[in-house]
Structure formats: C-alpha cells, structure tokens
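Remarks on the overall topology
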Amino acid sequence: MDIKDLLNTEGNDEGQKKESPLKTLEADLKFYNESLKEVANEIMVEGISAHPIFVAHQHEVKLGEVILDKNDLNTDWSIHASTLEEFMEKGLILPDKQEKFLKQYKDAYQFMCVFVIVPEGANFVFFPYH
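Turning next to the overall build of the chain. A count of helical and extended segments in the chain gives four helices and five strands. Secondary structure elements in the chain, listed N-terminal to C-terminal, are α-β-β-α-β-α-α-β-β. When each of the 130 residues of the chain is scored for burial, the buried share is 38%. Across the chain, contacts joining residues at least 24 apart in sequence account for 53% of those joining residues at least 6 apart.

Below is the structure:
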C-alpha cells in the first residue's frame with residue numbers, strides 16, 4: 001500500500017475539497033527520512049528485530065519508543081519505533097495473521113513500515129527511503 005492510497009482528496013458533500021492530515025504525514029516522513037532509516041538499520045543490525053515498524057500519530061500512544069516528537073521538532077506527527085514482535089505481543093498482529101503481514105512487508109532497507117494512527121482508524125503504509 002502506498003501512502004497516496006490513504007490520502008482523502010475527495011470533496012465533501014458540499015463539493016469542497018477536504019485536506020487530509022495524511023498529506024502532512026507524507027511531508028514529515030520525507031523530513032524524518034534519514035533519521036528513520038538509521039533507526040531501522042540499528043534495530044536490524046543489533047538483532048532487535050528483522051521487522052522494524054514505525055508508529056506515526058498525532059496524539060498520545062503507548063506503543064514503541066518515542067524517537068521523533070512533533071512538539072520538539074515543530075512538525076505535525078510524532079514517530080515511535082517498534083517491531084513486529086511488539087505488535088504481536090500486544091495483540092495488534094494476531095498469530096494467525098503474521099504470515100499474511102510478512103508477505104506484505106517490504107524490504108526494510110528500502111522501505112519504512114509505518115503504522116499510521118488517525119481518528120478514523122489505523123493502517124500500515126510502506127514509504128520508500130530516499
């Protein structure tokens with residue numbers, strides 16, 4: 001899934017375009033790109049996990065560890081670092097869904113796996129490192 005698949009650029013009932021908060025996420029991910037790549041590489045090289053997952057949110061979340069705080073960096077999104085193992089431990093990825101998740105998971109050296117949390121729900125997005 002590409003981040004553009006989650007962008008809501010459809011007009012509302014009055015025909016006006018509604019700006020999606022996910023547009024700001026794309027800008028922040030580009031801004032955070034090098035830092036996120038370094039963290040993902042550390043997670044993999046240190047043997048913590050072969051499947052790093054970043055959690056992007058705009059509110060308080062108790063998942064993973066804060067690595068980029070929107071308040072400190074004057075951005076729209078905060079990012080936490082997590083792993084497939086933590087997602088399974090917390091029941092966010094069920095054991096019977098692990099194989100399906102791994103089939104969707106892209107090369108962690110080329111793409112960041114981002115679990116995007118918005119008021120409407122949450123979803124995984126794979127965003128390329130530049």
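Our focus in this paragraph is the environment of D69. Looking at the secondary structure, you find D69 in the loop between β2 (65-68) and α2 (70-73). For D69, a relative accessible area of 24% gives the class partly exposed. For the pair D69 and Q58, spaced 11 residues apart in sequence, the C-alpha to C-alpha distance is 9.6 Å.

All right, on to the pattern of salt bridges then. Across all of its chains, the model carries three salt bridges by this definition. Ionic pairing is found between K90 and E86, a salt bridge with its closest N-O pair at 3.8 Å. On the basis of relative accessible area, K90 is assigned to the partly exposed category, the value being 46%. A relative accessible area of 17% means that E86 is categorised as buried.

A word on the pairing of strand β1 (residues 52-57). Burial of β1 is extensive: six of the six residues sit out of reach of the surface. With burial as the criterion, each face of β1 is covered, one bearing P52, F54 and A56 and the other bearing I53, V55 and H57. Two elements, β1 and strand β3 (residues 78-83), share six bridges in a ladder whose sense is antiparallel. Each residue of the ladder has a partner; that of V55, found in β3, is H80. The pairing of β1 with strand β4 (residues 111-118) spans three bridges and is classified as parallel. The partner of A56 across the bridge, within β4, is V116.

Strand order in this open sheet of five strands is β2-β3-β1-β4-β5, and the pairing throughout is mixed. The sheet is open, and its two borders are formed by β2 and β5 (121-128), each paired with just one other strand. Direction aside, the axes of adjacent strands within the sheet are offset by 35° on average.

Together, E34, E38, E42 and E46 make up a region of like negative charge exposed at the surface. Here E34 is to be found in helix α1 (residues 22-45).

Take the packing of aromatic side chains next. Counting across every chain of the model gives seven aromatic pairs. Where F31 meets Y32, the ring centres are 5.8 Å apart and the plane angle is 55°; that geometry is what we call tilted. Accessibility expressed as a relative area gives 2% for Y32, which makes it buried. Pairing Y105 with F126 gives two aromatic rings, centres 5.7 Å apart and planes at 85°, and the pair type is edge-to-face. In this pair, Y105 sits in the loop between α4 (98-104) and β4 while F126 sits in strand β5, placing the two residues 21 residues apart along the sequence. For F126, a relative accessible area of 5% translates into the label buried.

Rules used in this analysis
- Residues numbered from 1 in each chain as written.
- Predicted model: local features only at pLDDT ≥ 70, side-chain atom pairs only at ≥ 80, totals over all residues.
- Heavy atoms only, no water.
- Helix = DSSP H or I, 4+ residues; strand = E, 2+ residues; numbered from the N terminus.
- Buried < 20%, exposed > 50% of the residue type's maximum accessible area, 1.4 Å probe, protein only.
- Contact = heavy atoms within 4.5 Å.
- Salt bridge = Lys/Arg side-chain N within 4 Å of Asp/Glu carboxyl O.
- Pairing = 2+ DSSP bridges.
- Axes fitted to C-alpha atoms, helices over the stretch in contact; angles between N-to-C directions.
- Patch = residues over 30% accessible without salt bridge, like charges linked within 9 Å, V, L, I, M, F, W, Y side chains within 5 Å.
- Areas by Shrake-Rupley, 256 points an atom, 1.4 Å probe, with all protein chains shown as cover.
- Lys, Arg positive; Asp, Glu negative; His and termini not counted.
- Charge placed at Lys NZ, Arg CZ, Asp CG, Glu CD.
- Phe/Tyr/Trp six-rings, centres within 6.5 Å; stacked < 30°, edge-to-face > 60°.

All quantities given are derived from atomic positions and should not be read as evidence of function.
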